[in-house]
Amino acid sequence: MKELKMYINGKFVDSRSGKWIDVLNPSTEDVISRQPDGTVEDVQEAIDAAEKAQKEWAKIPACERAVYLRKMAQGIRDNFDKFQEILVREQGKTQALAGVEVNVTAEYFDYMASFARHIEGEIIQSDNRGETMLLQKVPCGVAAGILPWNFPFFLIARKAAAAMIAGCSIVLKPSQITPENCCEFCKIVDESGLPAGVFNVVTGRGSLVGNAMAGSPKVGIVSLTGSVSAGVKIMEAAAPNITKVSLELGGKAPVIVCADADLELAAQAVLDSRIGNSGQICNQAERVYVDKRVKKQFTDLIVKKFSAVKVGNPAVMKDADMGPLVEKRALESVSEKVERAVKQGAKLLCGGHRIGDKGYFYAATVLDGCTQDMDIIHEETFGPVLPLVEFDTLDQAIEWANDSEYGLASSVFTKDLDTAARVCRELNFGETYINRFHFEAIQGFHAGVKKSGIGGADGKHGLEEYLNTHVIYYQSHY
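Residues numbered from 1 in each chain as written. Predicted model: local features only at pLDDT ≥ 70, side-chain atom pairs only at ≥ 80, totals over all residues. Heavy atoms only, no water.

What about the packing of aromatic side chains?
A complete count under the given rule lists 13 aromatic pairs for this structure. Seen in terms of ring centroids, F185 and F199 are 5.7 Å apart; in terms of plane orientation they differ by 70°. Their pairing is edge-to-face. A residue pair is termed long-range when its members are at least 10 positions apart, and F185 in helix α6 (residues 180–192) and F199 in strand β10 (residues 199–201) qualify at 14 residues. Residues F185 and F199 agree in their burial class; the two are buried. One aromatic cluster is present, built from ring pairs that chain together F83, F109, F153, F185 and F199. The residue whose ring lies beneath K93 is F151, and the NZ or CZ to ring-centre distance is 4.2 Å. In this structure, K450 is placed above the aromatic ring of F429, and the distance from its NZ or CZ to the ring centre is 5.7 Å. (Phe/Tyr/Trp six-rings, centres within 6.5 Å; stacked < 30°, edge-to-face > 60°. Helix = DSSP H or I, 4+ residues; strand = E, 2+ residues; numbered from the N terminus. Buried < 20%, exposed > 50% of the residue type's maximum accessible area, 1.4 Å probe, protein only. Lys NZ or Arg CZ within 6 Å of the ring centre and 35° of its normal.)

Laid out in structure tokens, this is it:
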């Protein structure tokens, strides 16, 4: 049995609890490792170490901090096969997507390192003679990062690379479902020579470890990627100290397919945006509104593509399009939502069932005849299920698309520039994709509105999540 270690103040350690949490392979349901069951005391030790280290880390020029980030990027590339295999084993990713995640994680560390000479302040005109006003950007202190299980490796970079180049130290909590990749990454951090305490990892349960991180008065920002319910708990824990929070939560991304759309392009993009990571991505296409004039043609294309999806254990089926859902609860949740949709009047065109009796595999599923009042249109599915809704007018499609408590991603397929521009103006979402699949770029800003979150990540705006402003008024008396 592989026993994972936490990483606190530059040392690999077990938890004070002496207890462990098993990690399962979702393709086989076998226990593959176990992680320390972290305690509040473990969290406090990590935060204390991070606080002490941050004071010195912030004094180091950003270009020197960038050297460590580049070492980490190279360390990832040198261990590509290892990290790809871990993601396939513990999260159920396909070989192809696991490889993409490893490469983009390395790229993200290099990308954030490139900001070393681009953290800029301002000179502001004063109302007073002889006075200079300066606005500096300064690190917000200790960052607490709570990671999800769907892109567990990439999110290390999204949170830690931005925090560290900004001059923050960080304490990370990986998902208890997928901790091995993060624990393995700590070896690369250790080999980089990074000062002790700048990067720390505490494993364990979110309800204990995550809340303890968010509730610490020594933390300057808490960044969570997770569910809405988890986000609410983090906000509650952070509230007494008025700690800044950055939350990427759920999504229910609408797709609007207009009558003039390239239907083959739209169908392929929707497929790619729905089955990636077995439908477990927050900004994937979750519901599709199709103009009634092209509804049948589009539906035929979608059903053909979904029916051809290859599902299997990605460690064995190297060319699998989908692996398993991440855990038993996810399989049960997706199954229940499909069954409820059918009871409410949806028509099952393909899929709609578990595959096999071992592992958490679920078939790519298309539901037709869906209406705006159905639960499947409003509740995040987080599985390979696509509900189709027919619309009469663009006004109707936009109104229905906005009829959601979420506001992360959206898309429109049309050849008409005016239509695309109008949809972008009127959709209330943080992201809108035009004639392409749903997947953000690292130089953009991945952020949502409504219950999809607060703040965001990526690009210069994501970096600035970890920076505070400090305005200086210098009055010369000479």
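Structure shown, so let's carry the discussion forward.
What to know about unusual backbone geometry
With phi around 70°, E29 is a residue other than glycine that occupies positive phi space. On the secondary structure map, E29 appears in the loop between β4 (20–24) and β5 (31–36). Residue E29 is classed as partly exposed on the basis of its relative accessible area of 25%. Even without glycine at this site, F382 takes up a positive phi of about 55°. Here F382 lies in the loop between α12 (375–378) and β17 (385–391).

Examining the sheet that holds strand β13 (residues 253–257)
Strand pairing in a sheet relies on backbone hydrogen bonds, with the paired strands running either antiparallel or parallel. Taken together, 7 strands build an open sheet; the order of strands is β15-β16-β17-β14-β13-β19-β20 and the sheet is mixed. Unpaired on one side and paired on the other, β15 (347–350) and β20 (431–434) mark the two borders of the sheet. When strand polarity is set aside, the average angle formed by the axes of neighbouring strands in this sheet is 25°. Here β13 pairs with strand β14 (residues 285–291) via 5 bridges, running parallel. From the neighbouring strand, V257 faces β14, where its bridge partner is V290. Strand contacts of helix α11 (residues 328–343): β15, β16 (365–368) and β17, with the helix running at about 25° to β16, the strand carrying the most contacts. (Pairing = 2+ DSSP bridges. Axes fitted to C-alpha atoms, helices over the stretch in contact; angles between N-to-C directions. Contact = heavy atoms within 4.5 Å.)

Some remarks on the state of the cysteines
Inspection of the entire model under this criterion finds 0 disulfides. We note that C140 lacks a disulfide partner, and the nearest cysteine sulfur, in C168, lies 3.8 Å from it. By relative accessible area, C140 is classed as buried at 12%. Free of any disulfide, C282 has its nearest cysteine sulfur in C182, 19 Å distant. (Disulfide = S-S within 2.5 Å.)

Thoughts on the environment of R158
Secondary-structure assignment places R158 in helix α5 (residues 154–166). Taking relative accessible area as the criterion, R158 reaches 5% and is therefore assigned buried. Along the sequence, R158 and T39 sit 119 residues apart, while their C-alpha atoms lie 25 Å from each other. Those residues in contact with R158 that sit more than four places away from it in its chain are Y108, E248, E440, H446, A457, D458 and Y466. Here E440 takes part through its side chain, which lies 2.8 Å from a polar atom of the side chain of R158. (Polar contact = N/O pair within 3.5 Å; in protein donor to acceptor, adjacent residues only side chain to side chain.)

Points about the pattern of salt bridges
This structure, assessed with the given rule, holds 36 salt bridges. With a closest N to O distance of 3.7 Å, K2 and E184 form a salt bridge. With K2 in strand β1 (residues 2–3) and E184 in helix α6, the pair connects residues that are 182 residues apart, well separated along the chain. Here K2 falls in the partly exposed class, since its relative accessible area comes to 35%. Residue classification places E184 among the buried positions, given a relative accessible area of 6%. A salt bridge links D300 to K296, with the nearest nitrogen and oxygen atoms 3.0 Å apart. Pair noted here: D300 and K296 are both in helix α10 (residues 295–307), with a separation of 4 residues, about one helical turn. The exposure class of K296 is exposed, given its relative accessible area of 62%. (Salt bridge = Lys/Arg side-chain N within 4 Å of Asp/Glu carboxyl O.)

Some points on a nonpolar patch on the surface
Together, M1, L24 and V31 make up an exposed nonpolar region whose accessible area comes to about 270 Å². Here L24 lies in strand β4. (Patch = residues over 30% accessible without salt bridge, like charges linked within 9 Å, V, L, I, M, F, W, Y side chains within 5 Å. Areas by Shrake-Rupley, 256 points an atom, 1.4 Å probe, with all protein chains shown as cover.)

Some words on the packing of helix α7 (residues 206–214) against helix α8 (residues 228–238)
How two helices pack is summed up by the angle between their axes together with the distance between the axes. At a minimum axis separation of 8 Å, α7 and α8 run at an interaxial angle of 40°. Considering the angle they form, α7 stands oblique to α8. Considering how the two elements wind past one another, α7 and α8 form a crossing that is right-handed. Of the residues in α8, those in contact with G210, N211 and A214 of α7 are K233, I234, A237 and A238. Residues belonging to the contact of α7 with α8 are distributed by class as follows: 4 nonpolar, 2 polar and 1 charged. (Parallel < 35°, antiparallel > 145°, perpendicular 65-115°, else oblique. Left-handed = near helix turned anticlockwise from the far one by under 90°. Nonpolar A, V, L, I, M, F, W, Y, C, P; charged D, E, K, R; others polar.)

Keep in mind these values describe shape, not function.
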